[in-house]
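Each chain, letter by letter, is given below.
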Amino acid sequence: MKNLLLTMLFAAGLSLSVSAQVANVKVNVTPLGDKLEGRHEVPYSITTSDILVNENFEMLTKGTLEEPDLDHPLASLDSDVSINPELTHGAQWYGHKIYQAGGALAMHTLSMDQSILNTPRMDYSGSVRLSFITRALISRWVDEEGEPMEDRSAHLIVGISDEQGRKIDVNASGNLADLQLYEDMGWVEVTIEFDNYSAYNGVSIVFAGTRTLLLDDIKVTSSCDEFIAVPNVTGVTDITETSFTVHWEKVRKSYNYYLWLYTYDGKDPETGEDKYSLVLPQQVLDMIEADPDMTLEDYIEDMGGPDSPYLRYDIVSRHGDLSYTFTDLDPAKEYCFAVMSHNVSMFSDKKLHRVDQLPTPEALDATEFTETSFKANWTNVTRADNYNVSLYGVNVVDKDDEKYELLREDFDKTSEYTKETELSSATPCTTDMTIDDMTTLPGWGLNGPLAMETPEGEKIPLCYMLDGYFGCGMNLTLSTPELYVANNDFVELEMHVKCENANAPIVIQFAGSLYMADLGGNNDAKTTVQLPTNGLEKTKLEMACSDPNGLPLYIDYISITQPMKKGDMILTSLGNKQLEAGETSVVFDNLDKYAYSVFAYEVTATKTDGRTSEPSARAFADLKNKTPYDPGTTSIEGVGATAGDVHEVARYTIDGVRLSAPAKGINIIRYSDGTTKKVIVK
């Protein structure tokens, strides 16, 4: 068996991927001539199949079968517009370049861009029967020379696709159907029968067309008595020394789910194959032990043998939360599990999943405080080979602030290299310069050099400078230091920029999403953009000027702010320590070199083969008061509070290096009451 991946390109650079396993698909195409009266009256009935889709488009009343309403598209992928659900039966339909046609749906495109129709997203697993009727219409247009053109054919591809891009296991050699239609064929009926073994809940039947064609009477059924698909396991969570929880997607036809548990016993030394041992529930083992005439082998045989579904560990109802927690496990053993679908006498195949992730250690309260150190503690993970302990400095916000500044860079260091102020006379960067020569804050990045030298020795600047401005050019991407953004669901970016092209777009990437900003037609402008954090804790901002001629974008300053509440915390990574198995504590010392009164640490268990645990929940330590710090209950006024006059006790650079005197750029001052403050020294 070999795998085949087919990709069809369509609007806005998107693609439809149909992955399949090679075998046979039954496709019948029957000419019908003119459309028969009453074909919209498809009876809705259930025999031995579930009717998943039964759509006759009777509410698409605009236009006619001969002249569709091509002026008003029903949906568009370009603008993320779906079909109005009031115009269809059942769940949401999607598409692109599709139109009403007097009781049918028209697909129309004259370019290489395909028209697309997606059925509602759901679980299409089982022995599936898809039927519909279709016909080609005459496509007419005028060419570049003004000559009338027409095409009396159309092309239709039918496939199946998952919204998350997962491989769909169907017994098809590629597309479900690939049809060339001609106008004089009239209506044809298409019937496709195939098996879908993937019980994903985000799957659509996809119709992709070129030129002009009609679709109608789309019906999809799935058998209830042929086979049932294996549930799709979506994750394993809450892994501890003695338990873990598994989650899976609903299988439409499953009455309930059978859970299996195995220990993983390594590889067989002779065959190299993985070995597993079945784990039975404790009540079964107790029953066998209580019966002197019963052995484990007898019980397995009585239940139908080692592959019998009735040897399951437990059963979960189809209703409610589709998850299960295995408990009372042996910390020294690795485990595998399986989830089977069950409907009357049908069971799905059994697919084993190994729990590769290690149990998560628990970070315990810090102990053994001194003026400059504390001991971090955590619980042991039996199967761990090492521990990675990460240390963070913590800034605790002392008051509500709608524009708390997470980052500000003024690029003032450029003044050391140039006093030019006009774009036309900007100073080129040289090959010995780096982005660190332009920035005050550490951690900035650039995906290329500021200047390059050709093999012939010619030096070509890629970036330029003005007094107080950094000119990022030639489509280079500038990235900020990592930002801690977990305290709100957005940040606000403000920047003052100049560019010779007043219409040059600025491409911004933040928290996994792309955004466009512009100068509003001005060569010198201040731009403000609100950027969602998309649930991330830490991220970077990347930006590039996409001027087609590679003109630099001159940046005066970049400021990133976020609304904060009193007590919110901003974490800055200060490095980590590696510990061997058996160690459950480590001392962090010399902490007076950092501008923090509060620290945090988290612990990750690792194995030498690369497997890890999830990081632990963080534990916090108040070094000033020599006590664990609870973010939920400790008063911010109490962090580092001392009596007497408040005065400066230490000064640091932005990356935590202690200063003996004020230094140009951003300084962090720590006061005698434990609070800190950022100041800019000119």
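Worth saying up front: this structure is predicted, and the values here are computed from it rather than measured.

## Quick notes on the pairing of strand β39 (residues 513-517)
Step number 1: Bridge analysis of strand β38 (residues 506-510) against β39 gives 5 bridges, and the strand direction is antiparallel. Across the sheet, the residue bridging to Phe510 is Ser513, located in β39.
Step number 2: Hairpin connection from β38 to β39: 2 residues lie between these consecutive antiparallel strands, with Ala511 at a positive phi of about 55°.

## Considerations on the sheet that holds strand β16 (residues 233-237)
In sheet architecture, strand pairing relies on hydrogen bonds along the backbone and comes in two forms, parallel and antiparallel.
Step number 1: Spatially, 3 strands are ordered β16-β17-β21 in an open sheet, and the strand pairing comes out antiparallel. Of all the strands in the sheet, the pair left with one neighbour each is β16 and β21 (323-326). The mean inter-strand angle of the sheet, taken between neighbouring strand axes irrespective of direction, is 20°.
Step number 2: Direction of pairing for β16 relative to strand β17 (residues 244-248): antiparallel, over a ladder of 4 bridges. Across the sheet, residue Val233 finds its bridge partner in β17, namely Trp248.

## Examining the pattern of salt bridges
Step number 1: Taken as a whole, this structure holds 25 salt bridges when the rule is applied.
Step number 2: As a salt-bridge pair, Lys375 and Glu368 come within 3.1 Å of each other at their nearest N and O atoms.
Step number 3: We classify Lys375 as buried; its relative accessible area is 19%.
Step number 4: For the salt bridge of Asp410 with Arg408, the shortest nitrogen-to-oxygen distance reads 3.1 Å.

## Describing unusual backbone geometry
Step number 1: Here Phe411, not a glycine, exhibits a phi torsion of approximately 55°, which is positive.
Step number 2: Residue placement: Phe411 occurs in the loop between β28 (401-409) and β29 (427-428).
Step number 3: Residue classification places Phe411 among the buried residues on the basis of a relative accessible area of 0%.
Step number 4: With a phi angle near 55°, Ala511 is a residue other than glycine that sits in the positive phi range.
Step number 5: The residue Ala511 is located in the loop between β38 and β39 in this model.
Step number 6: Since its relative accessible area comes to 8%, Ala511 is described here as buried.

## With respect to the nonpolar core
Step number 1: The biggest cluster of nonpolar side chains holds 56 residues, and the ones touching the most others in it are Phe470, Leu478, Ile508, Met543 and Ile558.
Step number 2: Tallying contributions element by element places strand β43 (residues 553-564) first for this core, with 5 residues.
Step number 3: Excluding anything up to four places from it in sequence, Leu478 contacts Phe411, Ile435, Trp444, Gly445, Leu446, Phe470, Cys472, Leu541, Glu542, Met543 and Ile555.
Step number 4: The next biggest cluster of nonpolar side chains, apart from the first, holds 42 residues, and it includes Phe57, Ile83, Ile98 and Met122.

## Some words on the sheet that holds strand β45 (residues 585-588)
Step number 1: Taken in spatial order, the 3 strands line up as β25-β26-β45 in an open sheet, and their pairing is antiparallel. Whereas interior strands pair on both sides, the edge strands pair on one side only; in this sheet they are β25 (363-367) and β45. On average, adjacent strands in this sheet sit at an angle of 25° to one another, irrespective of strand direction.
Step number 2: Pairing analysis gives 3 bridges linking β25 to strand β26 (residues 374-378), with the strands arranged antiparallel. The partner of Thr367 across the bridge, within β26, is Lys375.

Cut-offs and rules
- Residues numbered from 1 in each chain as written.
- Predicted model: local features only at pLDDT ≥ 70, side-chain atom pairs only at ≥ 80, totals over all residues.
- Heavy atoms only, no water.
- Pairing = 2+ DSSP bridges.
- Helix = DSSP H or I, 4+ residues; strand = E, 2+ residues; numbered from the N terminus.
- Axes fitted to C-alpha atoms, helices over the stretch in contact; angles between N-to-C directions.
- Salt bridge = Lys/Arg side-chain N within 4 Å of Asp/Glu carboxyl O.
- Buried < 20%, exposed > 50% of the residue type's maximum accessible area, 1.4 Å probe, protein only.
- Core = buried A, V, L, I, M, F, W, Y, C linked by side-chain atoms within 4.5 Å.
- Contact = heavy atoms within 4.5 Å.

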